[in-house]
Amino acid sequence: MWSGDELDLDAYLARIGYDGELAPTSDVLRALHRAHVDTIPFENLDVALGREVALDVKSLQGKLVERRRGGYCYEQNSLFAAALERIGFRVAGRGARNRTRGEALLPVTHAMLVVTAGGREWLADTGFGQQGLLEPVPLRDGERVEQGGWTFGIGVEDEGIHVLRSLRPEGWKDLYAFAPQTLWPGDFTVMNHYSSSHPRSSFVGKVVAQRPGAGVRTALIRNLLTTTRTDGSVEERVVGPAELIDTLSGVFGIELDAEEAAGLVRVHSAVL
């Protein structure tokens, strides 16, 4: 279903620096997930440039693996799903409603995965940016895990809605909520169309690059670079057009060609 047979698995594993066991176990799932989020950054740069965001495996491999770019949730989790499927995991998609913006009721636009391993279901999500998981979380009510100094929890609400939460100094904060309905690549394509082209999408018309990490999270949204640490401290600085490409490369590890770099500087200058 996720076209895992079309993926160059060796190239993907080399990209994320993984040379361990390949078997559909919970230990392998955790290790692959950690390697992926540690290596492939979250970014919307093709959306910012007004380009089509393709989700077929060959396009994803060309962009995220061969050209060493990053991507956002549909790209990240579609690529991860193809790799997991190729290894032998059972993988299903889910659609989530972002809850990080206070009381605003946002549409279901986030794509993540539920993976079966070790006799249980795991929430796997390599594409939620700097607030996201480092490793999968068992999908059961009351689950609480610590990952690299960050604490995540799972809750269940009415109608079987699952909620992923993050523990902050001020208490638990909802990240997103999702129903148990299974989604497939075609559903990701529809959601991707809104996020990449609708004028109300939070990804259109500006530069976004993010990375989660053990002990520290980093995000560039428009011109503000934010670094957050597990002790609750936050550092912010403005990134101007002259610094943009060096920041994307040095902080986020995103490799760009000259045409992409010039286009992004123009976009970045226009939104300041």
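Residues numbered from 1 in each chain as written. Predicted model: local features only at pLDDT ≥ 70, side-chain atom pairs only at ≥ 80, totals over all residues. Heavy atoms only, no water.

## Observations concerning the sheet that holds strand 2 (residues 90-98)
Here's step 1: Across the sheet, 8 strands lie side by side as 5-4-3-2-9-8-7-6; this open sheet has antiparallel pairing. Across the chains shown, the open sheet's two edge strands, defined by having one partner strand only, are strand 5 (137-138) and strand 6 (144-147).
Here's step 2: Here 3 bridges tie strand 2 to strand 9 (residues 171-178), and the two strands are oriented antiparallel to one another. Bridging across to strand 9, A96 finds its partner in F178.
Here's step 3: Packing against the sheet, helix 5 (residues 73-87) makes contact with strand 2, strand 3 (108-117) and strand 4 (120-124), and its axis sits at approximately 15° to strand 3.
Here's step 4: Sitting on the sheet, helix 6 (residues 185-197) touches strand 2 and strand 3, and the angle it makes with strand 3 is about 145°. (Pairing = 2+ DSSP bridges. Helix = DSSP H or I, 4+ residues; strand = E, 2+ residues; numbered from the N terminus. Contact = heavy atoms within 4.5 Å. Axes fitted to C-alpha atoms, helices over the stretch in contact; angles between N-to-C directions.)

## Concerning helix 6
Here's step 1: For helix 6, built from 13 residues, the straight-helix expectation of 18 Å at 1.5 Å per residue is met to within 8% by its first-to-last C-alpha distance of 18 Å.
Here's step 2: Listed as buried for helix 6 are F188, M191, N192, S195 and S196.
Here's step 3: In the core, the buried residues of helix 6 are packed alongside helix 3 (45-48), helix 5, strand 2 and strand 3. (Expected span 1.5 Å × (residues − 1). Buried < 20%, exposed > 50% of the residue type's maximum accessible area, 1.4 Å probe, protein only.)

## Details of the pattern of salt bridges
Here's step 1: Following the criterion strictly, the structure yields 19 salt bridges and no others.
Here's step 2: With a shortest N-O distance of 2.9 Å, R51 and E260 are connected by a salt bridge. Pair noted here: R51 is in the loop between helix 3 and helix 4 (57-66) and E260 is in helix 8 (residues 258-271), with a separation of 209 residues, a long-range link.
Here's step 3: For E260, a relative accessible area of 2% puts it in the buried group. (Salt bridge = Lys/Arg side-chain N within 4 Å of Asp/Glu carboxyl O.)

## Some thoughts on the side chain of Q131
Here's step 1: With respect to the element layout, Q131 can be found in the loop between strand 4 and strand 5.
Here's step 2: A distance of 2.6 Å separates the side chain of Q131 from the side chain of R168, its partner in a polar contact.
Here's step 3: Apart from the residues within four sequence positions on either side, Q131 is in contact with T100, F152, R168, L175 and R217. (Polar contact = N/O pair within 3.5 Å; in protein donor to acceptor, adjacent residues only side chain to side chain.)

## Some words on the pairing of strand 9
Two faces make up the sheet, and in a regular strand the side chains alternate between them.
Here's step 1: Judged from the 7 bridges that link them, strand 8 (residues 162-168) and strand 9 form a sheet pairing that is antiparallel. Looking at the pairing, H162 lines up with F178 of strand 9.
Here's step 2: Hairpin geometry of strand 8 and strand 9 is characterised by an intervening segment of 2 residues between the two adjacent antiparallel strands.

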